[in-house]
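Listed below are the residues making up each chain.
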Amino acid sequence: MVRVGAALPHLDAALTSYSLVASWWQARKHTANWWLWIAVNLIYIGEYLYKALVATALLYLLLALLALLGLRDWRRASAAT
């Protein structure tokens, strides 16, 4: 993507890698996956605002909020056991 002039290709690659790790952790039921999803989504929000893609940034804001809810629910479930 660097050769074709894509905007922020290294950041995109890093965030994709972190998203794959978060998915792996989620499949393994590691609570830390939610913290990684929150961080990745917040960085994506900044990236999309930088690219002037406001609707996509709002989508990732929603995803970050859903990750916060997931973290809360997993913590409650963990405390109940």
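In this report, the structure presented in the accompanying data block is examined.

Calculation criteria
- Here the residue numbers are simple positions, counted from 1 along each chain's written sequence.
- In keeping with the predicted nature of the model, local features appear solely for residues at pLDDT of at least 70, side-chain atom pairs appear and are counted solely at 80 or more, and the whole-chain, interface and lining totals rest on all residues.
- By convention in this description, side-chain values take in all heavy atoms of the structure and omit both hydrogens and water.
- Pairing of aromatic rings covers Phe, Tyr and Trp, the last counted by its six-membered ring, and requires centre-to-centre distances within 6.5 Å; plane angles under 30 degrees mean stacked, over 60 mean edge-to-face, and any other angle means tilted.
- For the purposes of this entry, the term helix denotes a DSSP run of H or I that reaches at least four residues, the term strand denotes a run of E that reaches at least two, and both are numbered from the N terminus.
- Between buried and exposed lies partly exposed: a residue is buried under 20% and exposed over 50% of the maximum accessible area for its type, with that area taken using a 1.4 Å probe on protein chains only.
- A pair is scored as a salt bridge if a Lys or Arg side-chain nitrogen falls within 4 Å of a carboxyl oxygen belonging to Asp or Glu.
- Fitting a line to C-alpha atoms yields each axis, with helices limited to the stretch in contact; the angle taken between N-to-C directions then spans 0 to 180 degrees.
- Geometric relationships in this document are graded by angle, where less than 35 degrees denotes roughly parallel, more than 145 denotes roughly antiparallel, 65 to 115 denotes roughly perpendicular, and other angles denote oblique.
- By convention the crossing between two helices is left-handed if the near helix lies anticlockwise of the far one by an angle smaller than a right angle, and right-handed if it lies clockwise.
- We call two residues in contact when some of their heavy atoms are within 4.5 Å.
- Gly falls in the polar group here, along with every residue not listed as nonpolar (Ala, Val, Leu, Ile, Met, Phe, Trp, Tyr, Cys, Pro) or charged (Asp, Glu, Lys, Arg).
- Helix span, as expected, comes to 1.5 Å for every residue beyond the first.

1. Topic: the packing of aromatic side chains
Enumeration over the complete set of coordinates arrives at four aromatic pairs. Ring geometry for Trp34 against Trp74: centres 5.4 Å apart, planes inclined by 85°, an arrangement best described as edge-to-face. Placement of the pair is Trp34 in helix H2 (residues 32-50) and Trp74 in helix H3 (residues 54-80), with a sequence separation of 40 residues. For Trp34, a relative accessible area of 12% puts it in the buried group. Taking the relative accessible area as the measure of exposure, Trp74 reaches 25% and is therefore partly exposed. A centroid spacing of 5.4 Å and a plane angle of 35° characterise the contact between Tyr48 and Tyr60, whose relative ring orientation is tilted.

2. Concerning the pattern of salt bridges
According to the stated counting rule, one finds three salt bridges in the structure shown. Residue Asp73 is joined to Arg72 by a salt bridge in which the shortest nitrogen-to-oxygen separation is 3.2 Å. Owing to a relative accessible area of 38%, Arg72 belongs among the partly exposed residues under this scheme.

3. Considerations on the environment of Leu59
Positionally, Leu59 belongs in helix H3. The partly exposed category is assigned to Leu59, whose relative accessible area is 43%. For the pair Leu59 and Gly5, spaced 54 residues apart in the sequence, the C-alpha separation amounts to 25 Å.

4. Some remarks on the packing of helix H1 (residues 9-27) against H2
Contact geometry for H1 and H2: axes closest at 9 Å, N-to-C directions at 155°. With respect to each other, H1 and H2 are oriented roughly antiparallel. Crossing geometry of H1 relative to H2 is assigned as left-handed. Contact with H1, carried on its side by Leu11, Asp12, Leu15, Thr16, Tyr18, Ser19, Val21, Ala22, Ser23, Trp25 and Gln26, involves Ala32, Asn33, Trp34, Leu36, Trp37, Val40, Ile43, Tyr44 and Glu47 of H2 and no other residues of that element. Of the residues assigned to the contact of H1 with H2, the class counts are 13 nonpolar, five polar and two charged.

5. Some remarks on H3
Helix length check: H3 (27 residues) gives 39 Å between terminal C-alpha atoms against 39 Å at 1.5 Å per residue, within 8%. Those residues of H3 that are buried lie in contact with H2.

6. Overview of the packing of H2 against H3
Where H2 contacts H3, the two axes come as close as 8 Å, and the packing angle between them is 165°. Looking at the two axes, H2 sits roughly antiparallel to H3. H2 and H3 meet at a crossing whose hand is left-handed. Here the residues of the contact of H2 with H3 are counted per class, giving 19 nonpolar, four polar and one charged.

Just geometry here; none of it tells us what the structure is for.
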